[in-house]
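The residues making up each chain are set out below.
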Amino acid sequence: MPEQKEENITVDFFESVYHGEPPWDIGRPQKEYIQLEQAGEIVGSVLDVGCGTGENALYLAEQGHEVWGIDFAPTAIQKAQEKAAQRHLTATFLVLNVLELHTLGRTFDTVIDSGLFHTLSNEDRPRFVDNLAAVVRRGGTYFMLCVSELTPIPDFSKLKERMPDFSKLKPEDYRRPQVTQAEIRNSFHDGWRINYIRQATLESYWCALSRMEPSETPGWLSSISKE
Ligand code: SAH
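Residues numbered from 1 in each chain as written. Predicted model: local features only at pLDDT ≥ 70, side-chain atom pairs only at ≥ 80, totals over all residues. Heavy atoms only, no water.

Novice: Let's hear about the packing of aromatic side chains: which residues, and what values?
Specialist: According to the stated counting rule, one finds ten aromatic pairs in the structure shown. With centroids separated by 5.8 Å and ring planes inclined at 80°, the aromatic side chains of tyrosine 18 and tryptophan 24 adopt a geometry described as edge-to-face. By relative accessible area, which is 25% here, tryptophan 24 ends up partly exposed. With centroids separated by 5.5 Å and ring planes inclined at 90°, the aromatic side chains of phenylalanine 188 and tryptophan 192 adopt a geometry described as edge-to-face. Overall, the relative accessible area of 2% leaves phenylalanine 188 in the buried class. Look at tryptophan 192 and you get buried, because its relative accessible area is 7%. These aromatic residues form a ring-pair network of at least three members: Phe13, Phe14, Tyr18, Trp24 and Phe72. Across the ring face of tryptophan 68, the terminal group of arginine 106 is positioned such that the distance to the ring centre comes to 5.0 Å. The aromatic ring of phenylalanine 108 is capped on one face by arginine 106, whose charged end is 4.0 Å from the ring centroid. (Phe/Tyr/Trp six-rings, centres within 6.5 Å; stacked < 30°, edge-to-face > 60°. Buried < 20%, exposed > 50% of the residue type's maximum accessible area, 1.4 Å probe, protein only. Lys NZ or Arg CZ within 6 Å of the ring centre and 35° of its normal.)

Right under this line is the structure:
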């Protein structure tokens, strides 16, 4: 039997979902990022990797950080740029693959990730971590909010009923992106220091009953500094 290669979730998939309303796009920043900012953990310049339509990035821009956001889905970046203009906020949003972060040619004090890492294939995770090392300054910190083995799997038939916009999703597009603590530790063992991995809450419409109020599911929040 041929060895099955794990496929990446493609840019076409994300791009088509951004033509509607993605279940992860809650129209406001994730609570975990608000708490990190309020606790003073987010310092200096910020890069948001896989920023989507920019809610977390724009929140941090509003708090006075210099913020860049990158995503490989052009529609997401366009929406982020439109929100920045509407809200009179300054942030730099660029279409870029996270596997090419090194081409940015600069470093940031803080990098944030809300739901990006867990969408990458096992093969691409180390390539992403290498690229990340090129954009986090020495002593700078990468925060990662991701799903865990405790995150429930959404019921796809119900999801499509509730959210017709999401009907383009094929079951094969959805690979359950479980991330364990061990995997996080393995991914960041060389040249990185793990400050903490703690249980956290992800807000989304994956398991919500309607688009009125996002539901909360468990995940991991990691703080990882570059040595
Ligand atoms: N951070 C956003 C979006 C999370 S969904 C939020 O919290 O709402 C994951 C995002 O990562 C999507 O926007 C997707 O387009 C982006 N993404 C996935 N793989 C990527 C890659 N290789 N390069 C750049 N962006 C990627």
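Novice: Which residues make up the pairing of strand S2 (residues 67-71), and what values go with them?
Specialist: Consecutive residues of a regular strand have side chains that alternate between opposite faces of the sheet. Of all five residues making up S2, five are buried, and the element is well covered by its neighbours. Where burial is concerned, the two faces of S2 agree: the one with Val67, Gly69 and Asp71 and the one with Trp68 and Ile70 are both buried. With four bridges connecting them, strand S1 (residues 46-49) and S2 associate as parallel partners. For aspartate 48, the partnering residue across the bridge sits in S2 and is glycine 69. Running through helix H3 (residues 55-62), the crossover from S1 to the neighbouring parallel element S2 is right-handed. As paired elements, S2 and strand S3 (residues 92-95) share four bridges and run parallel to each other. Note on S3: the bridge partner recorded for glycine 69 is phenylalanine 93. Considered for its hand, the β-α-β crossover made up of S2, helix H4 (residues 74-86) and S3 is right-handed. (Helix = DSSP H or I, 4+ residues; strand = E, 2+ residues; numbered from the N terminus. Pairing = 2+ DSSP bridges. Right-handed = clockwise from strand over helix to strand, strands pointing away.)

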